[in-house]
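Here is what each chain is made of, one letter per residue.
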Amino acid sequence: MEKFNTLYSKAIPLPVEDIDTDQIIPARFLKAVSREGFGDNLFRDWRYSEGDAPNPEFILNQPGVEGQILVAGRNFGCGSSREHAAWALHDYGFKVVVSSFFADIFKNNALNNGLLPVQVTEESLQKIFNAIEKNPETEVEVNLQEQYLEVESIGLKERFDINSYKKYCLMNGFDDIDFLLNKKSEIEQYEKETSR
């Protein structure tokens, strides 16, 4: 995985509550077993019409819309536990999803796949949506080391929580296997000492 420390990016607003994993990546696209290519079908049924023509009303299809941060409504990632939802968001280019609440399974899947879910208060979420609506060029800073999100242009700075193990893994670009491999010499030393 890529190392994550601090991200400065424009944010893409999706002010819809209860976005479930089937809306993030529809079940008919779950046949592949590698993580690559899922971004093409991210929000597929919202991004495209039945004839596969891009829906010009959907935010990701609008000209000039770019950013590595998705700002979404409350209860993001609810529904089934598919890991592919995190794969699709990450493969599309998102590094952070901001919401006022995440489904637990989605949150864990995101952290396991290099995608940082940042939970803020409902009040802060609305302030971020308002800032982006007024100025789509609004930049958001996400600092993982210090665990805060900041929108300097509106004077918003809020701390977020993250599991210390997952924080360590993200900052070092480790998945669970990489973490264990990184500890290999310590594990071998422990085994030597305890086998005596």
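Worth saying up front: this structure is predicted, and the values here are computed from it rather than measured.

(A) Up close: the pairing of strand β5 (residues 139–143). Within β5, four of the five residues are buried, which leaves the element mostly enclosed by the surrounding structure. Across five bridges, the pairing between strand β1 (residues 6–14) and β5 is antiparallel. Across the sheet, Lys10 pairs through a bridge with Glu139, a residue of β5. As paired elements, β5 and strand β6 (residues 148–151) share three bridges and run antiparallel to each other. Note that in β6 the partner of Val142 across the bridge is Leu149. Remark: four residues form the turn of the hairpin made by β5 and β6, two consecutive strands paired antiparallel; Gln147 in that turn has positive phi of roughly 60 degrees.

(B) Representation of the pattern of salt bridges. Summed over all chains, the structure comprises seven salt bridges. As a salt-bridge pair, Glu137 and Lys10 come within 3.4 Å of each other at their nearest N and O atoms. Placement of the pair is Glu137 in the loop between α5 (122–134) and β5 and Lys10 in strand β1, with a sequence separation of 127 residues. Here Arg44 makes a salt bridge to Asp52, at a shortest N to O gap of 2.6 Å. Overall, Asp52 belongs to the partly exposed group, its relative accessible area being 48%. Members of the salt-bridge network, linked through shared partners, are Lys10, Glu66 and Glu137.

(C) Local environment of the side chain of Lys95. Its place among the elements puts Lys95 in the loop between α3 (84–92) and β3 (96–99). Given a relative accessible area of 19%, Lys95 falls into the buried group. Separated by 2.9 Å, the side chains of Lys95 and Glu2 make a polar contact. Apart from the residues lying within four places of it in its own chain, the contact partners of Lys95 are Glu2, Phe4, Leu7, Gln68, Gly114, Leu115 and Leu116.

(D) Spatial organisation of the nonpolar core. Of all hydrophobic cores here, the largest spans 27 residues; its most connected members are Ile24, Phe43, Leu70, Phe76, Leu89 and Phe106. If you list the elements that add at least two residues to this core, you get β1, β2 (69–72), α3 and α4 (104–112). For this core, the element with the most residues is α3, which contributes five residues. Sequence-distant contacts of Phe106, defined by excluding residues within four places in its chain, comprise Ile24, Phe76, Gly77, Ala85, Ala86, Leu89 and Leu115. Counting 25 residues, the second largest nonpolar core, distinct from the first, contains Leu7, Val118, Ile132 and Val140.

(E) Just unusual backbone geometry, in detail. Not every positive phi belongs to a glycine, and Phe43 is a case in point at roughly 50 degrees. Inspection of the secondary structure assignment puts Phe43 in the loop between α1 (21–24) and α2 (44–47). Judged by relative accessible area, Phe43 falls into the buried class, the value being 1%. Phi at Gln147 is positive, roughly 60 degrees, even though this residue is not glycine. Looking at the secondary structure, you find Gln147 in the loop between β5 and β6.

(F) Focus on α5. In this model α5 runs 19 Å from its N-terminal to its C-terminal C-alpha over 13 residues, within 8% of the 18 Å that 1.5 Å per residue would give. Listed as buried for α5 are Ser124, Leu125, Ile128, Phe129, Ala131 and Ile132. Buried residues of α5 fall within an arc of 160 degrees about the axis and therefore sit on the same side. Among the exposed residues of α5, those pointing more than 90 degrees away from its buried face are Glu123, Glu133 and Lys134. Here the buried face of α5 lies against β1, β2, β3, β6 and β7 (156–159).

The rules behind the values
- Residues numbered from 1 in each chain as written.
- Predicted model: local features only at pLDDT ≥ 70, side-chain atom pairs only at ≥ 80, totals over all residues.
- Heavy atoms only, no water.
- Buried < 20%, exposed > 50% of the residue type's maximum accessible area, 1.4 Å probe, protein only.
- Helix = DSSP H or I, 4+ residues; strand = E, 2+ residues; numbered from the N terminus.
- Pairing = 2+ DSSP bridges.
- Salt bridge = Lys/Arg side-chain N within 4 Å of Asp/Glu carboxyl O.
- Polar contact = N/O pair within 3.5 Å; in protein donor to acceptor, adjacent residues only side chain to side chain.
- Contact = heavy atoms within 4.5 Å.
- Core = buried A, V, L, I, M, F, W, Y, C linked by side-chain atoms within 4.5 Å.
- Expected span 1.5 Å × (residues − 1).
- Arc of directions from axis to C-beta.

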